[in-house]
Amino acid sequence: PLFVKNALEIVYNNLDNPDFGKDHFAKAMLVSPSLLYKKIKALTDQSPSEFIKAVRLNHALELLKEGKYTVLEISEKCGFSTVAYFSSSFKKSFGVSPSDI
């Protein structure tokens, strides 16, 4: 759906911003935080925060596969506030640590 396409584009445009969260997301989508939650949850079965994190982690996976950047650089490019948080989120999501990709 177009809503998800727009949502993905907005998250990609803010990928490296660790302060980009659900409130910024709702504002960029021109909807209230509660409407954003309802629509994203209905279309993706994720909360807006989970959606943002999933997009960030999937992008990180692609960057890791390219082998051009360090884990620290990728965590920064994907908007994670610390490399430790990035690594634990990545491992939880994909079952391997980013350094093993």
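Located above this text is the structure these notes cover.
Just so it is clear, the model here is predicted, and its values are computed rather than measured. (Residues numbered from 1 in each chain as written. Predicted model: local features only at pLDDT ≥ 70, side-chain atom pairs only at ≥ 80, totals over all residues. Heavy atoms only, no water.)

### What to know about the overall build of the protein
Applied cut-off: Numbering of helices and strands starts at the N terminus; helices are DSSP runs of H or I of at least 4 residues and strands are runs of E of at least 2. In this treatment the radius of gyration is a C-alpha quantity, and the globule benchmark scales as 2.2 Å times the residue count to the 0.38 power. Here the term buried applies to any residue with accessible area under 20% of the maximum for its type, exposed to any over 50%, and partly exposed to those in between, with areas from a 1.4 Å probe on protein chains only. Contact definition: two residues touch when any of their heavy atoms are within 4.5 Å. Residue exposure ignores everything except the shown protein chains as possible cover, and the areas themselves are Shrake-Rupley values with a 1.4 Å probe. Charge assignment: positive for Lys and Arg, negative for Asp and Glu; neither His nor the chain ends contribute. By convention, the charge on Lys lies at NZ, on Arg at CZ, on Asp at CG and on Glu at CD.
Check the secondary structure of the protein and you find 6 helices and 0 strands. By the compact-globule yardstick of 13 Å for 101 residues, the protein fits well, its C-alpha radius of gyration being 14 Å. In the protein, buried positions account for 34% of the 101 residues. For the protein, restricting intrachain contacts to residue pairs at least 6 apart in sequence, the fraction spanning at least 24 positions comes to 51%. For the protein, the computed accessible surface area is about 6100 Å², with 54% contributed by carbon and sulfur atoms. For the protein, the centre of its 13 positive side-chain charges and the centre of its 11 negative side-chain charges are spaced 6 Å apart.

### Topic: the packing of helix H4 (residues 48-66) against helix H6 (residues 83-94)
How we decide: Helix axes use the C-alpha atoms of the stretch in contact, all axes being lines fitted to C-alpha atoms, and the angles between their N-to-C directions lie in the range 0 to 180 degrees. Note on terminology: angles under 35 degrees are roughly parallel, angles over 145 are roughly antiparallel, angles of 65 to 115 are roughly perpendicular, and the others are oblique. Throughout, the ten residues Ala, Val, Leu, Ile, Met, Phe, Trp, Tyr, Cys and Pro are labelled nonpolar, Asp, Glu, Lys and Arg are labelled charged, and all others, Gly among them, are labelled polar.
The N-to-C vectors of H4 and H6 enclose an angle of 90°; their axes lie 10 Å apart at closest approach. Judged on the interaxial angle alone, H6 and H4 are roughly perpendicular. Along the contact surface, H4 presents Lys53, Leu57, Asn58, Ala60, Leu61 and Leu64, while H6 presents Tyr85, Phe86, Ser89, Phe90, Ser93 and Phe94. Across the contact of H4 with H6, the residue classes tally to 8 nonpolar, 3 polar and 1 charged.

### Re the layout of surface pockets
Rules: In the cavity and pocket records, a cavity denotes points on a 1 Å grid over the protein atoms alone where a 1.4 Å probe fits but cannot get out, a pocket denotes an open set with protein on both sides within 12 Å along at least 5 of 7 lines, and lining residues are residues with an atom within 4 Å of a point. Grid points are joined across faces, edges and corners, and a volume is the space filled by probe spheres set on the points.
If you add up the space inside the largest pocket, you get close to 190 Å³. Lining the largest pocket are Pro18, Phe20, Gly21, Lys22, Ser49, Ile52, Lys53, Arg56, Gly79, Phe80, Ser81 and Tyr85. The element contributing the most residues to the lining of the largest pocket is H4, with 4 residues. Within the lining of the largest pocket, the residues separate by chemical class into 5 nonpolar, 4 polar and 3 charged.

### Some remarks on the pattern of salt bridges
Here is the rule: The working definition used for a salt bridge is a side-chain nitrogen of Lys or Arg within 4 Å of a carboxyl oxygen of Asp or Glu.
Evaluated as defined, the whole model comprises 1 salt bridge. Close ionic contact of Lys68 with Glu66 constitutes a salt bridge, the shortest N to O distance being 3.8 Å. On the basis of relative accessibility, which here comes to 61%, the residue Lys68 falls in the exposed class. Given a relative accessible area of 44%, Glu66 falls into the partly exposed group.

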